[in-house]
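Commentary on secondary and tertiary structure
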Amino acid sequence: MDNHHNCWHCGTPDAGSIFCRYCNSLQAPVPNYFEFFGMPLKLSVDLSRLQKQFYTLSGLLHPDRYTRRSEQEKRYSLEASSILNDAYRVLRDPIQRAEYVLKEAGFDIGEQRSKDVPPELLEEVFELNMALDELRMGDDEVLPQLDESRKRFLDILVEMDAGLEQQFQKHDAQVDDDARRGVLAEIRLTLNRRRYIKNLVNEVDKLLTARNA
């Protein structure tokens, strides 16, 4: 990540990423979320530091502070405030954070596919889908089975999240770019599988809500 640029106001080189380190004028905001927060590109994030930085930047970048400044700084303030809110929303959530890092690294994180189902869960997924079809046809006898399956898959999501945290740490410990991309490929597979399981749970919840409405 490169912060080297000339300040638009005083023309000094290497001005800084948000405020010029020489004349303190607001600069064009950088779009990279980690760079914007002045944080290293890591998947494991210190949430307390992130929150503290968010509140600090919120005060410094608020458009009300720039009502008497140049039109350029007014525009930069609006742009920076928008990036700040988006970046905070993404970086504080581990799943969105991982997806963001994958996108920045050039990975495709499209919709999950059937082959993303963990092989060890194929039978359970098949049985759950059968039960869902039966419930759609009005068979309430499958409700206990659906409830049990829902709890089982929620437990799996908890296990996946714990595994993701270990993968995050593994990624952050890499110093070689190829090794880091290898870990990112593993994380993408985990996220795809997690999304598949999450969608199953959501489908159960949707049908149960509709039934009880």
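These remarks concern the structure in this document. As the structure is a prediction and not an experimental result, all values here were calculated from the model. (Residues numbered from 1 in each chain as written. Predicted model: local features only at pLDDT ≥ 70, side-chain atom pairs only at ≥ 80, totals over all residues. Heavy atoms only, no water.)

**Some details on the overall build of the protein chain**
Across its full length, the protein chain carries seven helices and zero strands. C-alpha extents for the protein chain along the principal axes are approximately 75 × 45 × 25 Å. Expressed as a percentage of the 213 residues in the protein chain, the buried residues total 38%. For the protein chain, long-range pairs separated by at least 24 residues make up 60% of all intrachain contacts whose partners lie at least 6 apart in sequence. Counting every atom, the protein chain has about 12400 Å² of accessible surface; 49% of that belongs to carbon and sulfur. One way to put it: in the protein chain the 29 positive side-chain charges average out to a point 7 Å from where the 37 negative ones average out. (Helix = DSSP H or I, 4+ residues; strand = E, 2+ residues; numbered from the N terminus. Buried < 20%, exposed > 50% of the residue type's maximum accessible area, 1.4 Å probe, protein only. Contact = heavy atoms within 4.5 Å. Areas by Shrake-Rupley, 256 points an atom, 1.4 Å probe, with all protein chains shown as cover. Lys, Arg positive; Asp, Glu negative; His and termini not counted. Charge placed at Lys NZ, Arg CZ, Asp CG, Glu CD.)

**Observations regarding helix H7 (residues 177–212)**
Between its terminal C-alpha atoms H7 stretches 51 Å, which fits the 52 Å expected from 36 residues at 1.5 Å a residue. Sitting at the head of H7, aspartate 176 places a side-chain oxygen 3.0 Å from the backbone nitrogen of aspartate 178. (Expected span 1.5 Å × (residues − 1). Polar contact = N/O pair within 3.5 Å; in protein donor to acceptor, adjacent residues only side chain to side chain.)

**Points about the packing of aromatic side chains**
The tally for this structure, following the rule as stated, stands at six aromatic pairs. Ring plane angle 10° and centroid distance 4.4 Å describe the contact between tyrosine 33 and tyrosine 100, whose orientation is recorded as stacked. With tyrosine 33 in helix H1 (residues 33–36) and tyrosine 100 in helix H4 (residues 94–104), this residue pair connects regions lying 67 residues apart in the sequence. For the pair shown, tyrosine 33 and tyrosine 100 are each scored as buried. The rings of Tyr33, Phe34 and Tyr100 are connected pair by pair, giving a single aromatic cluster. (Phe/Tyr/Trp six-rings, centres within 6.5 Å; stacked < 30°, edge-to-face > 60°.)

**Looking at the packing of helix H5 (residues 122–136) against H7**
Between H5 and H7, whose axes approach to 11 Å, the crossing angle comes to 20°. Considering their axes alone, H5 and H7 lie roughly parallel with respect to each other. Remark: the crossing between H5 and H7 carries left-handed chirality. For the pair H5 and H7, contact is made by Val125, Leu128, Asn129, Leu132, Leu135 and Arg136 and by Tyr196, Leu200, Glu203, Val204, Leu207, Leu208 and Arg211, respectively. Of the residues belonging to the contact of H5 with H7, the class tally is nine nonpolar, one polar and three charged. (Axes fitted to C-alpha atoms, helices over the stretch in contact; angles between N-to-C directions. Parallel < 35°, antiparallel > 145°, perpendicular 65-115°, else oblique. Left-handed = near helix turned anticlockwise from the far one by under 90°. Nonpolar A, V, L, I, M, F, W, Y, C, P; charged D, E, K, R; others polar.)

**Focus on the environment of proline 118**
The topology assignment puts proline 118 in the loop between H4 and H5. Residue proline 118 is classed as buried on the basis of its relative accessible area of 2%. Along the chain, proline 118 and leucine 189 lie 71 residues apart, while their C-alpha atoms are 9.7 Å from each other. The contacts of proline 118, once residues within four sequence positions are left out, are Met160 and Arg193.

**Focus on H4**
Among the residues of H4, Ile95, Arg97, Ala98, Tyr100, Val101 and Leu102 are the ones counted as buried. Lining the buried residues of H4 we find H1, helix H2 (47–61), helix H3 (71–91), helix H6 (143–173) and H7. Backbone nitrogen of isoleucine 95 and a side-chain oxygen of the N-cap are separated by 3.1 Å at the start of H4; the cap is aspartate 93. Positive backbone phi, approximately 90°, marks glycine 106, located one or two places after H4.

**Considerations on the pattern of salt bridges**
Per the stated rule, a full pass over the model turns up 14 salt bridges. Linking arginine 136 and aspartate 133 is a salt bridge whose minimum nitrogen-to-oxygen distance equals 2.7 Å. One end of the pair, arginine 136, and the other, aspartate 133, are both in helix H5, three residues apart, so they sit about a helical turn from each other. The partner of aspartate 177 in a salt bridge is arginine 180, with the nearest N and O atoms 2.7 Å apart. With aspartate 177 and arginine 180 both in helix H7 and three residues apart, the pair spans about one turn of that helix. Taking the relative accessible area as the measure of exposure, arginine 180 reaches 23% and is therefore partly exposed. Look at the salt bridges and you will find they share partners, linking Asp133, Arg136, Glu203 and Lys206 into a network. (Salt bridge = Lys/Arg side-chain N within 4 Å of Asp/Glu carboxyl O.)

The quantities given are spatial measurements derived from coordinates; they are silent on function.
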